[in-house]
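Below are the chains, spelled out letter by letter.
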Protein chains: 2
Amino acid sequence: MDRLPTRDRLIETAMELFWERSFHATGVDELCARADARKGSFYHFFSSKTDLAVAAVAASWAAARTHVFDLVSQSGPPGLDRLRRLVQCFEEQQTRAVATHHVVLGSPFGGLAQETAHQDERLRRAVQVVFHEQCGVIEGWLDEAVVSGEIPSGSNAQRARNIVALLEGALLMAKVSDEIDVFRSIAVSIDRLTFG
Amino acid sequence: MDRLPTRDRLIETAMELFWERSFHATGVDELCARADARKGSFYHFFSSKTDLAVAAVAASWAAARTHVFDLVSQSGPPGLDRLRRLVQCFEEQQTRAVATHHVVLGSPFGGLAQETAHQDERLRRAVQVVFHEQCGVIEGWLDEAVVSGEIPSGSNAQRARNIVALLEGALLMAKVSDEIDVFRSIAVSIDRLTFG
DNA sequence: GGTTGAATTGACTAATCGGTCAAGATCCGA
DNA sequence: TCGGATCTTGACCGATTAGTCAATTCAACC
């Protein structure tokens, strides 16, 4: 099993560190050390730390999209059950993180956005794309649920936005409480947002 | 009108800067300059930047509690209408911030928590107290709504947690979109969370 | 007036920050 | 086998970081 090329290692390491330490708390030196790359290589591929972050957000979302959202879309029963499986995936991600870091880390995208979105336009847009596409996928699931009669018809686009917001809020509450259970107890109320 | 004493000025400035720039992006020098205090004074009152942040969270919440939550509790009709007035206050806070900073800043507590809660236990607990007390106030409003028959009885503690999560999520989505309207469009779905 | 402790000042440090650069290594097509 | 492009290396830069500290000012009390 070959190791990833330098550029990919930097991107992968970036999202890891920004998640477990935060953007500003992660130094370029530290990042390079963990990716086993030298500073010069870093600035050969990326023009700045922010530049790397933008690429990392896109790459991390591409991975999450295929391994979580698309997976949920392509397996198991359609409709609202997909939402429950998504919540399950989110919870498992947190559980895995707790196993290694002994702290609830919350949302990687939410965390990065809270720290940087109001300071850097490009980074803000990168995360905006992530949430927008999450909404798109979820909207598709709600459409299924409408067709099957699980939920009444209505603005599924708005419903999806509400759901993504609730998920992000639930992850924040879990992080602040340092208890994963808090996430689940809030996330189950998603059902309420699928009406109206 | 006397200016505030040094310690209070540092605390007030801290929450302002942590909100508009972020915790790590705010230097102690910058903070002191804006509070018109000298470095030595800073470390006379606080043992570290984190120490100041903990005090700032508590002070900022004390102010928000009296000027927003208690105000909503003590004026206007009881029950669910209080929730709508709270959302209105949140939105006005964002509108004021946009007027001066030209960017949607989102939740001050949420932002600080996302950046630091997993790295510093004291700071995490400080924000935990904030959200816990927010839940307490909202739970009281839901109790009123149950008594008046607006909503069916149920776990108002859990409902309050869901609502706070949704509000924080809505503020994040607005920040990432850089559009206040996004906050309102999500926040109105709070009603759905008051059932169940 | 004298004493005491709290508050203030600004110069100082060691470490780290993001970022640069010139020189070499490696690869690939001609 | 050559040449040019891509990638790697590690030393280096000025700026900034959080935090220290001894000297000084100030206000309150005896």
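Residues numbered from 1 in each chain as written. Chains lettered and ligands numbered in written order. Predicted model: local features only at pLDDT ≥ 70, side-chain atom pairs only at ≥ 80, totals over all residues. Heavy atoms only, no water.

Colleague: When you look at the protein's contact with DNA strand D in this model, what are you seeing that I'm missing?
Modeller: Taken together, 15 residues sit near DNA strand D, with Thr 6 and Ser 41 of chain A together with Val 28, Lys 39 and Lys 49 of chain B positioned nearest. Within the contact set of DNA strand D, a phosphate oxygen lies 2.8 Å away from a side-chain nitrogen or oxygen of Lys 49 of chain B. Those elements that place two or more of their residues in the surface near DNA strand D are helix H3 (39-45) of chain A together with helix H2 (28-34) and helix H3 (39-45) of chain B. It is H3 of chain A that contributes the most residues to the surface near DNA strand D, four residues altogether. (Near = heavy atom within 4 Å. Polar contact = N/O pair within 3.5 Å; in protein donor to acceptor, adjacent residues only side chain to side chain. Helix = DSSP H or I, 4+ residues; strand = E, 2+ residues; numbered from the N terminus.)

Colleague: So what exactly am I meant to see when it comes to the packing of helix H7 (residues 121-147) of chain A against helix H8 (residues 156-177) of chain A here?
Modeller: When two helices pack together, you describe them by how their axes are tilted relative to each other and by the distance separating the axes. All names here are of chain A. The geometry of H7 relative to H8 is characterised by a closest axis approach of 8 Å and an angle of 120° between their N-to-C directions. Here H7 is positioned oblique relative to H8, judged by the angle of their axes. As H7 packs across H8, the resulting crossing turns out to be right-handed. Contacts between H7 and H8 involve Phe 131, Gln 134, Cys 135, Ile 138, Glu 139, Leu 142, Asp 143 and Val 146 from the former and Asn 156, Ala 157, Arg 159, Ala 160, Arg 161, Ile 163, Val 164 and Glu 168 from the latter. Looking at the contact of H7 with H8 residue by residue, the classes come out as nine nonpolar, two polar and five charged. (Axes fitted to C-alpha atoms, helices over the stretch in contact; angles between N-to-C directions. Parallel < 35°, antiparallel > 145°, perpendicular 65-115°, else oblique. Left-handed = near helix turned anticlockwise from the far one by under 90°. Contact = heavy atoms within 4.5 Å. Nonpolar A, V, L, I, M, F, W, Y, C, P; charged D, E, K, R; others polar.)

Colleague: Help me out: how do you make sense of the pattern of salt bridges in this one?
Modeller: Oppositely charged side chains may form a pair once their charged atoms are brought near each other. One pass over the full model with this rule turns up 34 salt bridges over all chains. The residue Glu 20 of chain A makes a salt bridge to Arg 34 of chain A at a minimum N-O spacing of 2.9 Å. Of this pair, Glu 20 of chain A sits in helix H1 (residues 6-20) while Arg 34 of chain A sits in helix H2 (residues 28-35), and the two are 14 residues apart along the sequence. Residue Glu 20 of chain A is classed as buried on the basis of its relative accessible area of 16%. The exposure class assigned to Arg 34 of chain A is partly exposed, which follows from its relative accessible area of 42%. With a closest N to O distance of 3.3 Å, Asp 36 of chain B and Arg 38 of chain B form a salt bridge. In this structure, a network of salt bridges that share partners links the residues Asp 81, Arg 84, Arg 85 and Asp 191 of chain A. (Salt bridge = Lys/Arg side-chain N within 4 Å of Asp/Glu carboxyl O. Buried < 20%, exposed > 50% of the residue type's maximum accessible area, 1.4 Å probe, protein only.)

Colleague: Sorry if this is basic, but what is going on with the interface of chain A and chain B here?
Modeller: A common way to express how large an interface is: the accessible area buried when the components associate. The partner chain B presents 45 residues to the 45 residues of chain A that form the contact. Interface area for chain A against chain B, summed over the two sides, is near 3,700 Å², with a carbon-plus-sulfur share of 64%. Ranking the residues of chain A by area buried against chain B places Gln 114, His 118 and Val 176 of chain A at the top, with a combined share of 19%. If you look at where chain A meets chain B, you find zero salt bridges. Summed over the shared surface of chain A and chain B, the result is 10 residue pairs in polar contact (both at pLDDT 80 or more). Residue assignment for the side of chain A that touches chain B shows that the elements contributing at least two residues are H1, helix H6 (108-116), H7, H8, helix H9 (180-187) and helix H10 (190-193) of chain A. Among the elements that line the side of chain A that touches chain B, the one with the most residues is H8 of chain A, at 14 residues. (Buried area = accessible area lost by both parts, 1.4 Å probe.)

Colleague: Could you clarify how one ought to interpret H2 of chain A in this entry?
Modeller: Each turn of an α-helix holds 3.6 residues, which means side chains three or four residues apart point in the same direction. Residues and elements named next belong to chain A. By the burial criterion, the buried members of H2 are Val 28, Leu 31, Cys 32 and Ala 35. Projected onto a plane normal to the axis of H2, the buried residues spread over an arc of 95° and lie on a single side. Away from its buried face by more than 90 degrees, H2 exposes Asp 29 and Ala 33. Remark: Asp 36 follows H2 within two positions and exhibits a positive phi of approximately 50°. (Arc of directions from axis to C-beta.)

Colleague: Looking at this structure, how should I read the environment of Ser 177 of chain A?
Modeller: Tracing the chain through its elements places Ser 177 of chain A in helix H8. A relative accessible area of 17% means that Ser 177 of chain A is categorised as buried. Taking C-alpha positions, Ser 177 of chain A is 30 Å from Thr 66 of chain A, a pair spaced 111 residues apart along the chain. Dropping the residues within four chain positions of it, Ser 177 of chain A is found in contact with Val 182 of chain A together with Arg 124 and Gln 128 of chain B.

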